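# Overview (structure and organization)
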Amino acid sequence: MALLFLNTLCLSFLTLIAATRANSCRSYCGNITVDYPFSLDYGCGHPGFKDLLFCMNDVLMFHISSGSYRVLDIDYAYQALTLHDPHMSTCDTIVLGGRGNGFAVEQWRAPYFNPTSDNVFMLIGCSAESPVFQGFPGKHLPCRNVSGMGCEEYYDCPAWSMVGHKTFGSVYGSGPPECCAVAFESIKAINLSKLQCEGYSSAYNLAPLRVDGAGGWSYGIRVKYSVQGNDEFCRACEATGGACGFGTDDVKQLCMCGSFNSTTNCDSGQKIYVICTFFPNMIDSKSTQLPMFK
């Protein structure tokens, strides 16, 4: 009877651990769900997304080489994040002084993150010697509208009247424009120091919604993320009740199945039940009492 009770207790305990561990990688920060490929805990999520998100006083922050940004939303269906930079200009406020550093990811992270194609960056107060006007090696980058949004519309924002908006000529020889709209893909990084600009704004459009005027734009940095590697591994892991993670080498993906980890999924792999292994040997055959642990 004692052996049956202990085996039942052991299996129930392991089931509880498995359920807890399998769901331990999903967490929350404020009202935002943090799930694969992201994580707040080391070892969970995809290795290419480690050390990116931090939760501070229920505020989710995204940290890369160019700075820390508040995460406004994670759209898992569309695979996109919406970020806010406190040093970014909007329709109501123009922030100058080059305090913000735009958006730039480490080279090894570049395959994982890129602003969406409908995200327009408007560089403000760039010097005449800026690479934006001089052109990058082998190409010239004209200021233009991106996804129907650009500086001509942005000039109508009330913030420009507060900084004394001046109209320059459209030809660079008569002076650089106050605002230059560029697509991220054309310059690969928004680095205000290297671009010699005083500030920037970023807005995006969520199709098929179209708005009239810059006052109705969504301001922020809309970043598309991409999971590199074998995503089938994670789907198979989650389908068998596991949680996707990675090993101590920061490369190999693991399926965390509660009482054991697997390199495939929770229906295979070496299952180590340490507690169950030792319980039968610890039973006193002349007693129904549980063994004492010291």
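This section reports on the structure supplied with the text. (Residues numbered from 1 in each chain as written. Predicted model: local features only at pLDDT ≥ 70, side-chain atom pairs only at ≥ 80, totals over all residues. Heavy atoms only, no water.)

## A word on the side chain of His-46
Counting through the fold element by element, His-46 comes out in the loop between β2 (32-34) and β3 (53-56). Ignoring anything within four residues of it in the chain, the contact list for His-46 reads Tyr-36, Pro-37, Tyr-112, Val-227, Gln-228, Phe-246 and Gln-253. (Helix = DSSP H or I, 4+ residues; strand = E, 2+ residues; numbered from the N terminus. Contact = heavy atoms within 4.5 Å.)

## Points about the packing of aromatic side chains
A full pass over the atoms with the stated rule returns 17 aromatic pairs. Both rings, one in Phe-62 and one in Phe-113, keep their centres 5.5 Å apart while their planes meet at 75 degrees; by these two values the pair is edge-to-face. Placement of the pair is Phe-62 in strand β4 (residues 59-64) and Phe-113 in strand β7 (residues 113-115), with a sequence separation of 51 residues. The two residues Phe-62 and Phe-113 agree in class, both being buried. Seen in terms of ring centroids, Tyr-154 and Trp-160 are 5.7 Å apart; in terms of plane orientation they differ by 85 degrees. Their pairing is edge-to-face. In this structure Tyr-154 comes out as buried when scored by relative accessible area, which is 0%. A network of ring pairs unites the aromatic residues Phe-38, Phe-49, Phe-62, Trp-108, Tyr-112, Phe-113 and Tyr-225 as a single cluster. (Phe/Tyr/Trp six-rings, centres within 6.5 Å; stacked < 30°, edge-to-face > 60°. Buried < 20%, exposed > 50% of the residue type's maximum accessible area, 1.4 Å probe, protein only.)

## Brief notes about the pairing of strand β9 (residues 179-183)
With 5 of 5 residues buried, β9 is to be regarded as a mostly interior element. A two-sided burial pattern is seen for β9, the buried positions comprising Cys-179, Ala-181 and Ala-183 on one face and Cys-180 and Val-182 on the other. Here strand β8 (residues 119-124) pairs with β9 via 5 bridges, running antiparallel. When the sheet's bridge partners are listed, Ile-124 is paired in β9 with Cys-179. (Pairing = 2+ DSSP bridges.)

## Examining the state of the cysteines
This model, assessed by the stated rule, comprises 8 disulfides. Disulfide pairing is shown between Cys-126 and Cys-197; the S-S distance is 2.0 Å. Residues Cys-126 and Cys-197 are joined by a disulfide whose S-S torsion is about 100 degrees; by sign, that bridge is right-handed. Placement of Cys-126 in the loop between β8 and α2 (131-134) and of Cys-197 in the loop between α6 (192-195) and β10 (199-204) is noted, with a sequence separation of 71 residues between them. Here the two residues Cys-126 and Cys-197 agree in accessibility, since each one is buried. (Disulfide = S-S within 2.5 Å.)

## A look at the environment of Pro-177
Relative to the helices and strands, Pro-177 is located in the loop between α4 (159-162) and β9. Once the C-alpha coordinates of Pro-177 and Ile-124 are considered, the two residues, 53 residues apart in sequence, prove to be 8.4 Å apart.

## Focus on unusual backbone geometry
The step from Tyr-36 to Pro-37 runs through a cis peptide bond, and the omega angle for that step is 10 degrees. One non-glycine residue with positive phi stands out, namely Asp-51, at about 60 degrees. Its place among the elements puts Asp-51 in the loop between β2 and β3. We note that Gln-79 has phi near 60 degrees; this positive angle belongs to a residue other than glycine.

## Here we look at the pairing of strand β6 (residues 80-84)
Summarising burial for β6: 4 of the 5 residues are buried, a large majority. Relative to β6, strand β5 (residues 67-75) runs antiparallel, the two sharing 5 bridges. Bridging from a neighbouring strand, Asp-73 pairs with Thr-82 of β6. As consecutive antiparallel partners, β5 and β6 are separated by 4 residues, and within that stretch Gln-79 has a phi angle of approximately 60 degrees, a positive value. Across 4 bridges, the pairing between β6 and strand β12 (residues 221-225) is antiparallel.

## Considerations on the environment of Gly-150
Examined against the element boundaries, Gly-150 turns out to sit in the loop between α2 and α3 (151-154). By relative accessible area, which is 0% here, Gly-150 ends up buried. For the pair Gly-150 and Val-182, spaced 32 residues apart in sequence, the C-alpha separation works out to 8.5 Å.

## What to know about the sheet that holds β8
If you trace the 4 strands from one edge of the open sheet to the other, you get β9-β8-β10-β11, paired in antiparallel fashion. Every interior strand has two partners, whereas the edge strands, β9 and β11 (218-219), have only one. Summarising the sheet, β10 and β11 pair through 2 bridges and their orientation is antiparallel. By the bridge assignment for β11, Tyr-204 is matched with Ser-218.

## Topic: the side chain of Ser-66
Mapped onto the secondary structure, Ser-66 falls in the loop between β4 and β5. A distance of 2.6 Å separates the side chain of Ser-66 from the side chain of Tyr-69, its partner in a polar contact. Within the structure, the side chain of Ser-66 is placed 3.0 Å from the backbone nitrogen of Ala-104, a separation counted as a polar contact. Ignoring anything within four residues of it in the chain, the contact list for Ser-66 reads Asn-101, Gly-102, Phe-103 and Ala-104. (Polar contact = N/O pair within 3.5 Å; in protein donor to acceptor, adjacent residues only side chain to side chain.)

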